[in-house]
Amino acid sequence: MSQKENNRDDATILSDGALNHHPDQISQVVDKQLSSSHSSPVADTQQPSTYQPAELHHAANPSTQHEHKQYEQDEQQETVAVSTSSPDTTEHGQFNGHTDFTGNTEQQHAKKVRTSTKRTVLQYLDAVPLSTRLVSIILVLLLASSAVVGFAVRQLVGSYIIDKTDTQLMRQSELVLNNINTLQQSDRTDSMGLTDYYLQLRDSHYVIQGTPLMPVLPDGVSSAPVLPPSGSIGNIQIGQPFTTNAAVQIIGNNSRASVRMANAPWRVLAVNWTVPEVKNARGEVITRGAKGVAFIGLSLYDMQDTMQIVTKYFIAVGVATALLATVLASMAIERTLRPLKRIEKTAAQIADGDLSQRVPQAPENTEVGSLSRSLNRMLSRIEGSFIEQQRTTEKMKRFVSDASHELRTPLATIHGYAELYRMQRNYPGALERADESIKHIEQSSSRMSALVEDLLSLARMDEGRGVDLTHRTNITRIVHDACEDLHALNPERPIDLGSLEVTQIQTNNPEEAVHRLKFIQQLPPDLWMYADQNRLRQVITNIVGNIHRYTPQDSPVQMALSLIPAYMTPQELAAMNSSVESLDSFVRSAQYAAQQLHDSDNATQHQEITAPLHNYAVLRIIDHGPGLQPHDLHMIFERFYTADLSRTREKGGTGLGMAIAQSAVKAHHGLICASHTPQGGLTFTVVLPADTDSITQDQPTQE
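If you're wondering where the values come from, they're calculated on a predicted model, not measured in any experiment. (Residues numbered from 1 in each chain as written. Predicted model: local features only at pLDDT ≥ 70, side-chain atom pairs only at ≥ 80, totals over all residues. Heavy atoms only, no water.)

Caption draft 1: Structural view of the sheet that holds strand 1 (residues 198-203). Overall, antiparallel pairing links the five strands, which are arranged 2-1-10-7-5 in an open sheet. Edge positions in the sheet fall to strand 2 (208-213) and strand 5 (242-244), since each has one partner strand and no second. Sheet twist, expressed as the mean angle between neighbouring strand axes with direction ignored, is 30°. In this structure, strand 5 lies alongside strand 7 (residues 266-275), joined through three bridges in antiparallel fashion. When the bridges of strand 7 are listed, threonine 243 appears paired with arginine 267. (Pairing = 2+ DSSP bridges. Helix = DSSP H or I, 4+ residues; strand = E, 2+ residues; numbered from the N terminus. Axes fitted to C-alpha atoms, helices over the stretch in contact; angles between N-to-C directions.)

Below, the structure written as structure tokens:
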């Protein structure tokens, strides 16, 4: 069967509609016609196909494969829509679905091309450095400003010259008409001035009567304005100047300057002229009167030349200004962006792992200065968090290792003695040896229970649990009880109970902060505050227990308690770590408060203290034992720390006492630190926030 017959059958199927044939058969016919339209030369000439370029474009560009898949899905949906609906027909009954489908495809492809081009341009602009973009923007603005100013000046100069020309034509039109003969004679002498006028006379019917004046340029080039033909003046209004082109006549070889002058436009003025009748003495008419229209014109070559000079001047000045401004702007922008480049280098060093780097400081009233300040604060916090994380990780590792070591010893003891009992139970005297094994097992289990209990207390306080701050507690009573307990343990040890006084000793050494809190032989006040009595007893008991275990039994001990005001806020106190520097900061604040109070009391007039004062309960326990080495002093509050490197624990310590004391004080939002006693030994200082009415009398003690 021939191709024409196949096409005729397909057309028959389409013309019969979707009701007489199966939809799949119609879809096949539509696909066949679409494929034939792509391969047929006739179809290519009638409607250019866009499928093949789109397929090639998507195949060459992997980034648009998803769009190509979506495009194929849309094509399939449109094909099904054409096959299942009634086909569009032209006025000759031919199927017109392919033309609409191809048009939609072209629109989609054009839209994709525009989107891709826009994305490419934006990516290119984003890749341009900021300094280059700023210089380019300044250059474009300068060129645009120069162009606008030049255009405005050009228009202003042109309007001014035209106004001057119009004024000249109006004022001298009568003079030109009355002196035609003189001007003609002057013209023949090739002089300049009034001979620049062009003059054409027409009668009352606008018929040309002659051209008395016509400027002749050098090299035989003549130029005249283009005027309406003879017998008409068109739309020209009498007395209204107008601009018209030039009609040039060239004879022989001429210079370019003459031709350029001749091609300049003309400014022409149409005026009425009248010649009166001339009579002799007898009244006879010698010359008849006449009237008509005269066209008087001046060439605008001077204006054109002036405009060209002004334009060239503005172009030269604009280009020079743009180049100079570009150089200056580049230098200024480079200097302005120099802090940002330093910030960039600092950020690169920080990204490489050097968290100690900081952005150079700048005045905070500038944007860069504000940014530098914010970045430095952020970097300080990041570095602090990173160091704290490392410290916490190291503490966790050391804690797990120490806890495993501490728990392994009693567990190994229990396991060893249990195995020993099992091995010797069938031997004579096993009962006596069993009692000894059970005793060691009981001691090890007690030690392990105490260790687990201490660990549980630490965990609870770290989570913010296990501390009750809702009850008022007599701190003085707890200190008295601690003195009695230590006296019961060591009857021969001298124990002094007193108070503390803030002295005005000034020193820059934080280690000497202990000298500025002086122990005085005065009973402490009856001090009450909201605190957890059991935890505070545990703090003081742990300190006293260390004194009992690690100092000679006859070494003296001083305990002091006082209520000391300071300008330091409780929030600042709670944020401090357990170090001598923190204690030095508190003592300086207390010294300043004491000085202000002293000056206020001695002043003749009352001096108002603007900053609020806060009361703190300060407890100090001083021993005169062997003390600690400086490197051990910073680790005394570490968990499982002990100066006994053999870890035999012969004196019963677990290494958690000072850690528990620190956690308990922190739970009370206070500060605890250890320092060297001036005559040898250790001094523990505990600072707790107290309310304003902490000194009271006859308050019931919390049981």
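Caption draft 2: Here's a closer look at the confidence of the model for the chain. Looking at the chain, the pLDDT average stands at 76 and 74% of residues meet or exceed 70. The low-confidence segment residues 1-72 (pLDDT under 50) makes 58 contacts with residues lying over four places distant or belonging to another chain. Note that residues 187-194 has pLDDT below 50 and, in this model, five contacts with residues that lie over four places away or in other chains. (pLDDT = per-residue confidence, 0-100. Contact = heavy atoms within 4.5 Å.)

Caption draft 3: Representation of the layout of surface pockets. By volume, the largest pocket amounts to about 970 Å³. In terms of lining residues, the largest pocket is bounded by 27 residues, among which Lys395, Phe637, Glu638, Arg639 and Gln662 are the most central. If you list the elements that add at least two residues to the lining of the largest pocket, you get helix 12 (367-424), helix 13 (430-462), helix 17 (580-602) and helix 19 (657-667). Top contributing element to the lining of the largest pocket by residue count: helix 12, with seven residues. Its residues placed into classes, the lining of the largest pocket shows 11 nonpolar, seven polar and nine charged. (1 Å grid on protein atoms, 1.4 Å probe; cavity = no way out; pocket = protein on both sides within 12 Å on 5 of 7 lines; lining within 4 Å. Points joined across faces, edges and corners; volume = space filled by probe spheres on them. Nonpolar A, V, L, I, M, F, W, Y, C, P; charged D, E, K, R; others polar.)

Caption draft 4: Representation of the sheet that holds strand 18 (residues 682-690). Reading across the sheet, the six strands line up as 13-12-15-16-18-17 and stay open at both edges, with mixed pairing between neighbours. The outermost strands of the open sheet, each flanked by one partner alone, are strand 13 (517-520) and strand 17 (671-676). On average, each strand axis in the sheet is tilted by 25° relative to the strand beside it, whichever way the strands run. Direction of pairing for strand 16 (residues 614-623) relative to strand 18: antiparallel, over a ladder of eight bridges. Note that in strand 18 the partner of isoleucine 622 across the bridge is threonine 683.

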